[in-house]
Amino acid sequence: MSKPFSYLIQVTPLGLLYGSAGRFLSPENLVGRSGNHFPPSSATLSGLYAQQQTAETKEKFTHLQIAGPFWAKEREPQNFFVPTPLNYLVPKEKSEIAYKLSPEFPTTENETIQWLPQDPAKRKAYQEKPDKFSARHWLAIKDWNKAEKVHSSPWKFLPHLHPRLAEDQRRVEQDGDQGSLFLENSVQLGPDVCLIYLTNHPLEDGWYRFGGEGHMVDIRSLELDGKTQELLNEPVGEKFALITSAVWGSNRFSERFPEQWSVKALLTDRASPFRYRLGGTGKTKRLSRGRHTVPAGTVYVLEEPIDQPWHDWSEEWFPKEGYSFNRWGCGLALPIAV
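Report follows, based on the coordinates. (Residues numbered from 1 in each chain as written. Predicted model: local features only at pLDDT ≥ 70, side-chain atom pairs only at ≥ 80, totals over all residues. Heavy atoms only, no water.)

### Concerning the pairing of strand β12 (residues 193-199)
Taking burial as the measure, the seven residues of β12 include seven buried ones, the bulk of the element. Both faces of β12 are covered, namely the face carrying Val 193, Leu 195, Tyr 197 and Thr 199 and the face carrying Cys 194, Ile 196 and Leu 198. Relative to β12, strand β1 (residues 7-13) is paired through five bridges, and the arrangement is antiparallel. Looking across to β12, one finds that Ile 9 is bridged to Tyr 197. Bridging between strand β3 (residues 66-73) and β12 involves six bridges; their strand directions are antiparallel. Looking at the pairing, Ala 67 lines up with Leu 198 of β12. (Buried < 20%, exposed > 50% of the residue type's maximum accessible area, 1.4 Å probe, protein only. Helix = DSSP H or I, 4+ residues; strand = E, 2+ residues; numbered from the N terminus. Pairing = 2+ DSSP bridges.)

### Some points on the pattern of salt bridges
Close approach of charged atoms lets side chains of opposite charge pair. Under the definition given, this model contains four salt bridges. Between Arg 136 and Asp 269 there is a salt bridge, with the nearest N and O atoms lying 3.4 Å from each other. Of this pair, Arg 136 sits in the loop between β8 (133-134) and β9 (138-140) while Asp 269 is found in the loop between β18 (263-267) and β19 (272-274), placing the two residues 133 residues apart along the sequence. According to the relative accessible area criterion, Asp 269 is partly exposed, its value standing at 37%. (Salt bridge = Lys/Arg side-chain N within 4 Å of Asp/Glu carboxyl O.)

### Things to note about empty space enclosed by the protein
Counting across every chain of the model gives one cavity of 30 Å³ or more. Lining the largest cavity are Pro 4, Phe 5, Leu 232, Asn 233, Trp 310, His 311 and Leu 332. (1 Å grid on protein atoms, 1.4 Å probe; cavity = no way out; pocket = protein on both sides within 12 Å on 5 of 7 lines; lining within 4 Å. Points joined across faces, edges and corners; volume = space filled by probe spheres on them.)

### Brief notes about the nonpolar core
In terms of nonpolar packing, the biggest core is built from 62 residues, with Phe 80, Leu 198, Phe 240, Trp 248, Trp 261, Trp 313 and Leu 332 touching the most fellow members. For this core, the leading source of residues is strand β23 (residues 299-306), giving five residues. In contact with Trp 313, not counting residues within four places along its chain, are Val 236, Phe 240, Trp 248, Trp 261, Ile 306, Gln 308, Phe 318, Gly 331 and Ala 333. Membership of the second largest hydrophobic core comes to 25 residues, among which are Tyr 49, Leu 64, Leu 195 and Ile 219. (Core = buried A, V, L, I, M, F, W, Y, C linked by side-chain atoms within 4.5 Å. Contact = heavy atoms within 4.5 Å.)

### Considering the sheet that holds strand β15 (residues 237-242)
Across a sheet, strands are paired by hydrogen bonds formed along the backbone, either parallel or antiparallel in direction. Strand order in this open sheet of four strands is β18-β23-β15-β26, and the pairing throughout is antiparallel. The sheet is open, and its two borders are formed by β18 and β26 (333-335), each paired with just one other strand. Going across the sheet, the axis of each strand differs from the next one's by a mean of 30 degrees, ignoring polarity. Strand direction decides the pairing type here: β15 and β26, joined by three bridges, are antiparallel. Among the inter-strand pairings, Phe 240 is bridged to a residue of β26, identified as Pro 335. (Axes fitted to C-alpha atoms, helices over the stretch in contact; angles between N-to-C directions.)

### Observations regarding the environment of Glu 303
With respect to the secondary-structure elements, Glu 303 resides in strand β23. Taking the relative accessible area as the measure of exposure, Glu 303 reaches 44% and is therefore partly exposed. Spatially, the C-alpha atoms of Glu 303 and Glu 238 are 6.9 Å apart, while their sequence positions differ by 65 residues.

### Quick look at the layout of surface pockets
Looking at the second largest pocket, its volume works out to about 290 Å³. Taken together, 16 residues line the second largest pocket, and the ones lying closest to its centre are Phe 61, Thr 62, His 63, Tyr 323 and Arg 327. For the lining of the second largest pocket, the class distribution of residues is three nonpolar, eight polar and five charged. (Nonpolar A, V, L, I, M, F, W, Y, C, P; charged D, E, K, R; others polar.)

### Some words on the side chain of Asn 79
Within the fold, Asn 79 resides in the loop between β3 and β4 (81-83). In terms of polar contacts, Asn 79 uses its side chain to reach the backbone amide nitrogen of Lys 142, at 3.2 Å. Not counting residues within four places of it along the chain, the set of residues in contact with Asn 79 comprises Ala 140, Ile 141 and Lys 142. (Polar contact = N/O pair within 3.5 Å; in protein donor to acceptor, adjacent residues only side chain to side chain.)

### Quick notes on the packing of aromatic side chains
All chains considered together, the criterion is met by 21 aromatic pairs. A connected cluster of aromatic rings, assembled from ring pairs, spans Phe 5, Phe 240, Trp 248, Trp 261, Tyr 300, Trp 310, Trp 313, Trp 317 and Phe 318. Sitting above the plane of the Tyr 88 ring, Lys 100 keeps its charged end 5.1 Å from the centroid. A cation over a ring is seen here: Lys 264 above Phe 105, with NZ or CZ 4.8 Å from the ring centre. (Phe/Tyr/Trp six-rings, centres within 6.5 Å; stacked < 30°, edge-to-face > 60°. Lys NZ or Arg CZ within 6 Å of the ring centre and 35° of its normal.)

### Points about the side chain of Thr 298
Relative to the assigned elements, Thr 298 resides in the loop between β22 (291-293) and β23. On the accessibility criterion, Thr 298 (0% relative accessible area) is buried. At a separation of 2.7 Å, a polar atom in the side chain of Thr 298 contacts the main-chain carbonyl oxygen of Pro 295. In this structure Thr 298 touches Leu 86, Phe 240, Ala 241, Leu 242, Leu 266, Leu 267 and Thr 268, once residues within four positions along its chain are discounted.

### Topic: unusual backbone geometry
Residue Pro 69 is bonded to the preceding Gly 68 through a cis peptide linkage, with omega at 5 degrees. Mapping Pro 69 onto the fold places it in strand β3. The phi dihedral of Glu 93 falls on the positive side, at around 70 degrees, and the residue is not glycine.

What follows is the structure, given as structure tokens:
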């Protein structure tokens, strides 16, 4: 059985980080940024555990679970920021939550479920301006049960031309037919910002190469704050929101929720791609099947409550390709009042 999350991993970049995944930039699309993907998923951090795994420690990491990505101020890593539930609406250029939407169930067959503010005065104002809100904000974990203010992502993308190095030595490649420059879409974090992941096994402190481009980071393992552990150990009940993206369904199909759930209402957004490296014994590693995730912030309202915290959820709810997807914190959820 998996242990609850009891540690957080603090990742501090020692320079720039790489911010692209999936689709590649091409000579015809040098300024395209459609493949931007940041912060790195928990599968990236899982790779560092895999590097340290030996025959003696293999059993220890059998029930390893990692969740994220989140971020925090370096001086307050315990009060990390998680994706804001999608039913919390923030006016553009503002940081205060203006509306908290709840599902309005239909009373006739011709009606559909609507997400509206419960306050009648706010409902009228919202219906008059339904599209004047921004998305993709972050909420401090200590404010989860009294959410009022949100925060923007503390990083910026820095596209720049980068010399392509020869494979066998550190000099610019000149003989290849692809040219000697390529466009790297790197990411710069704020000076006092770090990335945060949750885990049930600590990782040895030190410097690591992190992500596909091997950029250097400083990693520290800290015991997770007791209040946050209590929040994560709460049964999610019948109303909850995802703080990490989720892959549901079988090994062939991606669904919006496990087939065992009876969903009354669902508030979600466009799916995003998810792929991780399975490994392999040869020089060329195998890449897993591409999947589509339900994004973090998705809100579920179920017919029957789930009387368990996330780490006790049935493994049958998660797809399994080599490892069960709950290894990467797939669909980590917290209860929410809607």
